[in-house]
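This is what each chain is made of:
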Amino acid sequence: MTPSLALIGLPLVSSPLVYFAGRADRRHAAWSRIAALLSLLIAWVLFVQSATQFSMSGALDSTIGMITLRIDGISLLLTAVVLTLATFVTLYSDRYMMGEMGEEKYYALVIAMSGAMIGLACAADLFNLWVWFELMTVSSFLLVAFYCQRRLALEAGVKYLVQSAVGSVLVLLGVALIFAVTGTLRLDELALAGESLALIGAGGLFVIGFGVKIALVPMHTWLPDAHSQAPSGISTLLSGVVIEAGLIALLRVIGALAGIAESWGVLLLAFAAINMLFGNLMALRQKQVKRLLAFSSLSHIGYMLLGFGIAFYAGTPDGAAGGFFHLLTHGLMKGLAFLAAGALLYGLHLAHERHDPLTVNDLAGAGKRYPLAALSLSIAVLGLGGLPPLAGFMSKWQIFTAGFETQDLVLMLLVIFAALNSVLSLAYYAPLVNRMYRDHPSSAVQQGKPIPLSMQLTLIGLAVLVVAIGVLPSLVSWLTEPAGSTLMLALGR
Amino acid sequence: MTGTILVIGVLALIGVGLYGMMILHNVLKLVVALQILTKAAALALVAAGYMNGQLQLGQSLALTVIVADTMVAVVGLALAVQVRRHFGTLDTRALSTLKR
Amino acid sequence: MAGLLVLLTILAPWGGAAWVMLARSDQLRQFAAVLSSVIAACAALLLLAFTLTTPSVEFALGGVFGTFTFVPDGLGAFLAAVATTIGCLTVIFSLDYMRGEHQLGRYYALVLLFIGAMCGLVLSGSLLLLFIFWEMTALCSYALISFHNDDPKAVAGGIKALVITQIGGVGLLVGILAAYAQLGTLDISVLIANAGSLPADALTITAFGFLIAAAAKSAQVPFHTWLPGAMEAPTPVSALIHAATMVNAGVYLLARFYPAFAAVPGWTTAVLIIGLLSALFGALMALSTHDLKRALAYSTISQLGFMVYAIGAGGIFASQFHLLNHAVFKALLFLGAGAVIHTMGTRDMRRMGGLSRAMPFVRNVFVIGGLALAGVPFFNGFWSKELILEAGLETAVWSFVIMLFTAGLTALYTLRMIWLVFFGEAHAAFPAHDAPNAMRIALGVLAAGVLGIWLLSGAFGHLLETTLPYHEGVLHVESTADMIFALITAPATWLTLAVIGLGFALWVLRARLTALTNALTPIMRAAAADFGFEWLNRRIVTTAQSAAVLLRRTQTGQLNWNVVGIVTGLVMVLVVLMVGR
């Protein structure tokens, strides 16, 4: 049993245990939280072992029967982000979820979903990739519709389910098409296939199928609903890793198909441009904080796509590394934003047993009553807007550098477009910050309840990470650079 | 010949499924349309196996798909039950509070 | 030693900011702010004696992030000294001005953060680091403009400032990236040294990108609209950020990279024209407004225009000398205006008047600052303005004529401002009181600076000459005595003085010149409307917002439409792939 295999298997084994831990003693559902933390801790140990092994001997293959699982740079990066966010969310959810019906299921599903994403990152053949993807999707259905007694959560759940299911059927059709033409499903063998119309069609099916999960415009419509109605911890995971896991699945697949058509890069760049502008404009007049953050995820997916598109189109390694870097920093910043917004939501509404949405107006004066949560949310949104010295700036910088390194006029114009989009995004991030530092509190803030310590600690942890990476971007280059070179290797560049 | 029929069948199922999802308003009917769509994919896998001579592999993949898609259907139906309970209807047009 | 001082200059204010944030009482906050800003000012002044042309501090980050370096050369150390000294005086002034305000911790923390970032900006030797500090100063400026977040005007002003300077920031970013893509390094000195060997189009992108950035930061036409809006900030902040330091960053950028870009076709002309238009429009707008702080803001635009013009005309030393002088006298004017506004509770000059008797100290220092602004001999503004006009005369006579006219306008609006505030009829009868002690300290030091700092021009020039290897031949430095002699004997000086006198005379005789006033009314109306730039800004904002509102309809909330979206995407992608094959 190698550490890498254990890392993939552990969450799946421990998820039912987490459930039973909370179930065994009905009065203490919190046991499942402790069990979840324990399994995440073990996963961290295994992750460190796998990472050291990887740094010494390169990609690690482990085989069970016909299935091959491979830990390479991309899997390590996604695993790191998944484990970081899952750990923070589990710590954070202590009070947020306390007393909710089915608390033990929540933790069990979080662990299962994390496990599915780690598996997805390691899958080495197409069908296996789809299975992990489907497992992740199903566990996220249950988490999005976690408040199944509430109409809005149900509505979001139904939409998410139907759209995701359509997406995953399209992926499956792509798999079938590839299987029919090449007779193989292994990603590395796929790269050797010759050019054919069917394979290009399959690639298109993957772009759209995974695109639903990645929230490419116009397949994005589930995202704002699901992000805003899920419990805040789940919004964090959805925005921070689930949609990115879809992106990584897409990169794996079209990376393997890169040899047969040049158009993937163009397609990614086109979606990048559309997503950036659309997400920003949709967020511009948004009044609900969590919906606003959800739309900003659209535009950040655009930045990642820009990086990856540059790598696909021009073969610039910095584009791939920058894309992965942005994936990581976006996970941290958006995670921080959702957790901080969730903490405020908890203090202003949930602690009063109200399930109103957190609006921009509610935030007025939060800076005085909740200094830490307000500061965290400010750091998060300003970082998302790309202001230095916060993490978001550094990852955007790497992507932009890649664009100019190509010396290609279209790519340079796209970079300028992306930079102007960052400016546009400040037009909705900045007012949020302004609201929080008003003198006169909103009525919600006046009646607000205190935010529990466990939430505050997670906010501090994530905020420190966001600032630290912003000051020292080289802190995480051991994750982003190998991920970038793994992608470049798959592209055959 | 068999291959052509299979392909036509897959395409027909996809068409019916997608069309249904675009026009139906009932959550239960949507789940049924989703099932038709998924069965198109399962059939496609079997057809793919048939065409490249790995029918057994294709069939086992299709079986896995059916298992996985049952999970989706179960969750979907569970949501449908809750929708009926809380909205008093299964019409998705009632589920349009979240917009803009 | 230099490395230690550099770090102290940047980190002392930042440490102070952290201390202020964590401090429990307002008194402790004030103490922490004053102490750390004084330490920073001492370190920066000491740094002037330890200037280097090579990096004194280095952090290697690797990859596309390069190496972060700090180079305390003459130009950087001088601007750091200006920023910290005026920063320190501003903090002292704020003790009185901000007394009793809410959220003092946030105020002082942001001011200190800004002082550190400004020093980092001018001392950095890496383009990426320069950009980081550039954006940090914009961030602090935004946060301080909208310090009074309850006031929608303050919020709008802050966001406007942020967005416009960020658009300029995009220019800087693009310029840096274009240079980096060619050079493979982010070292500023490498860029300046090898500018000639870069491909022409890359160098052009860099040069004009930097120009856009500088124009946005220094509030030059057509990006100047944010500065008047920034006047919603507490007045000490306006003095520090929007008069004495941050707005100079653009001029600094142009001066720093002048040797690299001077050969780019059209670049110096563009700089010259931008400076010229800003100087002229700024002066006209200053003449048309009734808001004391806005008048000062427009005058800042105009004076920054003089500096940018000087760079376009090749007078690098003149521009930096005027930057120093302007920083001192404009900080004095703003702080003096702050003292007036603090006691009057309004910024409308029409409701002031006759304050001369109630506030003699403030009147005295304000008049000193005003005379320097108008360019009256033996105040500091006179010398540098003359140097700028000389440089202009040597380069393009037509531009000299316009600048001469602007100098006359400057005298006119300065006298108008002083008259409306301190002389004329008193319009409001309430107990105005003279400035309290902390304000007096800050105002007194600055007034002394206005009277004496120009004597250092020779030493300052020498400092620049010895530590800027790439600027050899473009500085034209003279010793103080030579400068005095040269200026006094130059006919242009006397011409300028005559025009300035004419400007004063126009105000004094305004009652008898109704024909002239009437003829000027349309121009004044256009100036009051900001020459249409304000309208353009609003247009862009409303377009973006209505596009956003329209687009939001696409989120129908109907499940069937959502599925239609997926199918549309599928069809589009398949078509694109088939076509693009």
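Remember, predicted model here, so these are calculated numbers, not experimental data.

Engineer: How should the overall build of chain B be read in this particular structure?
Structural biologist: Each helix and strand in chain B was counted, giving three helices and zero strands. Going from the N terminus to the C terminus, chain B shows its helices and strands as α-α-α. In terms of overall size, chain B is more extended than a compact globule, its C-alpha atoms giving a radius of gyration of 17 Å where 100 residues would be expected to give roughly 13 Å. Taken along the three principal axes of its C-alpha coordinates, chain B extends 50 × 25 × 20 Å. The buried share of chain B, reckoned over its 100 residues, is 43%. Partitioning the intrachain contacts of chain B with sequence separation of at least 6 by distance along the chain shows that 54% fall at a separation of at least 24. For chain B, the accessible surface area stands at approximately 4,900 Å², while carbon and sulfur atoms represent 70% of it.

Engineer: What exactly am I supposed to notice about the interface of chain A and chain B here?
Structural biologist: How big an interface is tends to be stated in terms of accessible area lost as the parts join. Taken residue by residue, the interface counts 37 residues in chain A and 36 residues in chain B. Summing the contributions of chain A and of chain B, the shared interface buries around 3,200 Å²; its carbon and sulfur component is 81%. Counting the contacts that link chain A with chain B gives zero salt bridges. Where chain A meets chain B, there are nine residue pairs in polar contact (both at pLDDT 80 or more). Of all the secondary-structure elements, those providing two or more residues to the side of chain A that touches chain B are helix H5 (126–144), helix H6 (151–182), helix H9 (222–229) and helix H12 (289–314) of chain A. Take the side of chain A that touches chain B: its biggest share by element is 19 residues, from H6(A). Of the residues contributing to the side of chain A that touches chain B, the split by class is 26 nonpolar, five polar and six charged.

Engineer: Just checking my understanding: could you explain the pattern of salt bridges for this structure?
Structural biologist: Two side chains with opposite charge may pair up if their charged atoms get near one another. A complete count under the given rule lists 21 salt bridges over all chains for this structure. Beyond isolated ion pairs, a larger network of salt bridges with shared partners links A:Glu155, A:Lys159, A:Asp225 and A:Arg291.

Engineer: Just checking my understanding: could you explain the pairing of strand S1 (residues 57–60) of chain C for this structure?
Structural biologist: Residue and element names in this part refer to chain C. Of the pairings in the sheet, the one linking S1 to strand S2 (residues 67–70) comprises four bridges and is antiparallel in character. Within the sheet, the bridge partner assigned to Phe59 lies in S2 and is Phe68. Here S1 folds back onto S2 in antiparallel fashion, the turn holding six residues, of which Gly62 has a positive phi close to 85°.

Engineer: How should the interface of chain A and chain C be read in this particular structure?
Structural biologist: Contacts between chain A and chain C engage 67 residues on the former and 56 residues on the latter. Interface area for chain A against chain C, summed over the two sides, is near 5,700 Å², with a carbon-plus-sulfur share of 75%. On the chain A side of the contact with chain C, A:Arg285, A:Trp397 and A:Asn434 bury the most area, a combined 13% of that side's loss. Applying the counting rule to chain A against chain C returns zero salt bridges. At the level of elements, H6, helix H8 (197–214), H9, helix H11 (263–284), H12, helix H13 (317–348), helix H16 (391–405) and helix H17 (409–436) of chain A are the ones that each hand at least two residues to the side of chain A that touches chain C. In terms of residue count, the dominant contributor to the side of chain A that touches chain C is H17(A) (ten residues). A class-by-class count of the residues in the side of chain A that touches chain C yields 43 nonpolar, 13 polar and eleven charged.

Engineer: Got a minute to help me understand the side chain of C:Lys217 in this structure?
Structural biologist: Residues and elements named next belong to chain C. Take Lys217: it is sitting in helix H8 (residues 200–217). Despite being buried, Lys217 has no salt bridge partner; Glu135 is the closest side chain of opposite charge, sitting 5.8 Å away. With residues near it in sequence (within four places) discarded, Lys217 still touches Trp134, Thr137, Ala138, Thr165, Trp226, Met246, Val247, Ala249 and Gly250.

Engineer: So what exactly am I meant to see when it comes to the packing of helix H10 (residues 232–256) of chain A against H12(A) here?
Structural biologist: Two quantities define a packed helix pair, namely the angle between the helix axes and the distance between the axes. All names here are of chain A. Contact geometry of H10 with H12 gives a least axis separation of 11 Å together with a crossing angle of 20°. Relative to H12, H10 is oriented roughly parallel. Along this stretch, H10 crosses H12, giving a crossing that reads as right-handed. Where H10 abuts H12, its residues Ser232, Ser235, Ser239, Ile243, Glu244, Leu247, Leu251, Ile254 and Gly255 lie against Lys290, Ser297, Ile301, Met304, Leu305, Phe308 and Phe312.

Engineer: Looking at this model, I keep getting lost on H11(A). Mind explaining?
Structural biologist: Because each turn of an α-helix spans 3.6 residues, side chains separated by three or four positions in sequence point in the same direction. Over its 22 residues, H11(A) extends 32 Å from the first C-alpha to the last, a length consistent with the 32 Å expected when each residue adds 1.5 Å. For H11(A), a buried count of 18 out of 22 residues is recorded, marking the element as mostly surrounded by other parts of the structure.

Engineer: What is the right way to look at the environment of A:Ala273 in this model?
Structural biologist: All names here are of chain A. Mapped onto the elements of the fold, Ala273 is located in helix H11. By relative accessible area, which is 19% here, Ala273 ends up buried. The sequence separation of Ala273 and Ile8 amounts to 265 residues, and the corresponding C-alpha distance is 35 Å. Residues within four places of Ala273 in sequence aside, it is in contact with Leu414 and Phe417.

Engineer: Whenever I open this one, unusual backbone geometry confuses me. Can you help?
Structural biologist: Glycine aside, residues mostly have negative phi angles, and peptide bonds mostly take the trans form. A cis amide bond, omega 10°, links A:Val217 with the succeeding residue A:Pro218. Looking at where A:Pro218 falls in the secondary structure, it is placed in the loop between H8 and H9. With a phi angle near 65°, C:Asp530 is a residue other than glycine that sits in the positive phi range. Inspection of the secondary structure puts C:Asp530 in the loop between helix H22 (514–528) and helix H23 (533–551).

Engineer: Sorry if this is basic, but what is going on with a nonpolar patch on the surface here?
Structural biologist: All names here are of chain C. A contiguous nonpolar patch, built from Leu8, Trp19, Leu28, Phe31, Leu35 and Ile39 and spanning about 510 Å² of accessible area, is present on the exposed surface. Elements that contribute at least two residues to the nonpolar patch include exactly helix H1 (2–22) and helix H2 (26–47). Element by element, the count of residues in the nonpolar patch is highest for H2, at four residues. Tracing the backbone shows Leu28 in helix H2. What makes Leu28 partly exposed here is its relative accessible area of 36%.

Engineer: Can you help me understand the confidence of the model for chain B in this one?
Structural biologist: Reading fine detail from the predicted coordinates is not recommended where pLDDT is low. Overall, the predicted model of chain B reaches an average pLDDT of 92, with 100% of residues at or above 70. Scoring of the predicted complex yields 0.95 for pTM and 0.96 for ipTM.

Engineer: What is the right way to read the confidence of the model for chain A from this model?
Structural biologist: The share of residues in chain A with pLDDT of 70 or more is 99%, and the mean pLDDT across the chain is 91. Per-element mean pLDDT across chain A ranges from 83 in strand S1 (residues 60–64) of chain A up to 95 in H13(A).

Engineer: For this particular structure, what's the right way to read the pairing of S1(A)?
Structural biologist: Every other side chain in a regular strand lies on the same face of the sheet, so the side chains alternate between the two faces. All names here are of chain A. Across five bridges, the pairing between S1 and strand S2 (residues 67–71) is antiparallel. Residue Ile64 lies in a different strand from S2, and its bridge partner there is Ile67. Adjacent in sequence and paired antiparallel, S1 and S2 are bridged by two residues, among which Gly65 carries a positive phi angle near 60°.

Engineer: Which parts of the structure should I look at to understand the packing of aromatic side chains?
Structural biologist: Overall, the coordinates contain 38 aromatic pairs over all chains when judged by the stated rule. Consider the rings of A:Phe141 and A:Tyr160, whose centres lie 5.3 Å apart with planes at 80°: the pair is edge-to-face. Linking A:Phe141 in helix H5 with A:Tyr160 in helix H6, this pair joins segments that are 19 residues apart in sequence. Comparing A:Phe141 with A:Tyr160, the two get one shared label, buried. Relative to C:Phe133, the ring of C:Phe70 has its centre 6.2 Å away and its plane inclined at 50°; by these criteria the two rings are tilted. Linking C:Phe70 in strand S2 with C:Phe133 in helix H5 (residues 127–145), this pair joins segments that are 63 residues apart in sequence.

Engineer: So what exactly am I meant to see when it comes to the nonpolar core here?
Structural biologist: In a soluble, globular protein the nonpolar side chains are often hidden away together inside. Among the nonpolar cores identified, the biggest contains 475 residues, and A:Phe206, A:Phe210, A:Leu306, A:Phe324, A:Trp397, A:Phe400 and C:Phe257 are the most heavily contacted of them. Domain assignment of the residues forming this core places at least three in each of domain 1 (2–528) and domain 2 (536–579) of chain C. Setting aside residues up to four positions removed in sequence, A:Leu306 forms contacts with A:Leu269, A:Ala272, A:Met276, A:Ile399, A:Phe400, A:Leu414 and A:Ala418.

Engineer: Explain the environment of A:Val138 to me, please; I cannot follow it from the model alone.
Structural biologist: Tracing the chain through its elements places A:Val138 in helix H5. Taking the relative accessible area as the measure of exposure, A:Val138 reaches 7% and is therefore buried. With 204 residues separating them in the primary sequence, A:Val138 and A:Gly342 have C-alpha atoms 24 Å apart. Apart from residues no more than four positions distant in its own chain, A:Val138 is found in contact with B:Met71, B:Val72 and B:Val75.

Engineer: Whenever I open this one, the environment of C:Ala255 confuses me. Can you help?
Structural biologist: Residue and element names in this part refer to chain C. In this structure, Ala255 sits in helix H11 (residues 248–261). A sequence separation of 64 residues divides Ala255 from Ser319, and the C-alpha atoms of the two residues are 8.1 Å apart. Ignoring anything within four residues of it in the chain, the contact list for Ala255 reads Ile311, Ile316, Gln320 and His471.

Engineer: Quick question: what am I supposed to make of the state of the cysteines here?
Structural biologist: Applying the stated rule across the entire model yields zero disulfides over all chains. You can see C:Cys140 has no disulfide; the closest cysteine sulfur is in C:Cys119, sitting 12 Å from it.

Engineer: Mind showing me how you'd approach the packing of H5(A) against helix H3 (residues 55–87) of chain B here?
Structural biologist: Here H5(A) crosses H3(B) at 10°, and the two axes come no closer than 10 Å. The angle between the axes of H5(A) and H3(B) places the two elements in the roughly parallel class. Of the residues in H3(B), those touching H5(A) at A:Phe127, A:Trp130, A:Val131, A:Glu134, A:Val138, A:Phe141 and A:Leu142 are B:Leu61, B:Thr64, B:Val65, B:Ala68, B:Met71, B:Val72 and B:Val75. In the contact of H5(A) with H3(B), the residues fall into twelve nonpolar, one polar and one charged.

The rules behind the values
Residues numbered from 1 in each chain as written. Chains lettered and ligands numbered in written order. Predicted model: local features only at pLDDT ≥ 70, side-chain atom pairs only at ≥ 80, totals over all residues. Heavy atoms only, no water. Helix = DSSP H or I, 4+ residues; strand = E, 2+ residues; numbered from the N terminus. Rg over C-alpha atoms; globule rule 2.2 N^0.38 Å. Buried < 20%, exposed > 50% of the residue type's maximum accessible area, 1.4 Å probe, protein only. Contact = heavy atoms within 4.5 Å. Areas by Shrake-Rupley, 256 points an atom, 1.4 Å probe, with all protein chains shown as cover. Buried area = accessible area lost by both parts, 1.4 Å probe. Salt bridge = Lys/Arg side-chain N within 4 Å of Asp/Glu carboxyl O. Polar contact = N/O pair within 3.5 Å; in protein donor to acceptor, adjacent residues only side chain to side chain. Nonpolar A, V, L, I, M, F, W, Y, C, P; charged D, E, K, R; others polar. Pairing = 2+ DSSP bridges. Lys, Arg positive; Asp, Glu negative; His and termini not counted. Axes fitted to C-alpha atoms, helices over the stretch in contact; angles between N-to-C directions. Parallel < 35°, antiparallel > 145°, perpendicular 65-115°, else oblique. Left-handed = near helix turned anticlockwise from the far one by under 90°. Expected span 1.5 Å × (residues − 1). Patch = residues over 30% accessible without salt bridge, like charges linked within 9 Å, V, L, I, M, F, W, Y side chains within 5 Å. pLDDT = per-residue confidence, 0-100. Phe/Tyr/Trp six-rings, centres within 6.5 Å; stacked < 30°, edge-to-face > 60°. Core = buried A, V, L, I, M, F, W, Y, C linked by side-chain atoms within 4.5 Å. Domains from an automatic or database assignment. Disulfide = S-S within 2.5 Å.

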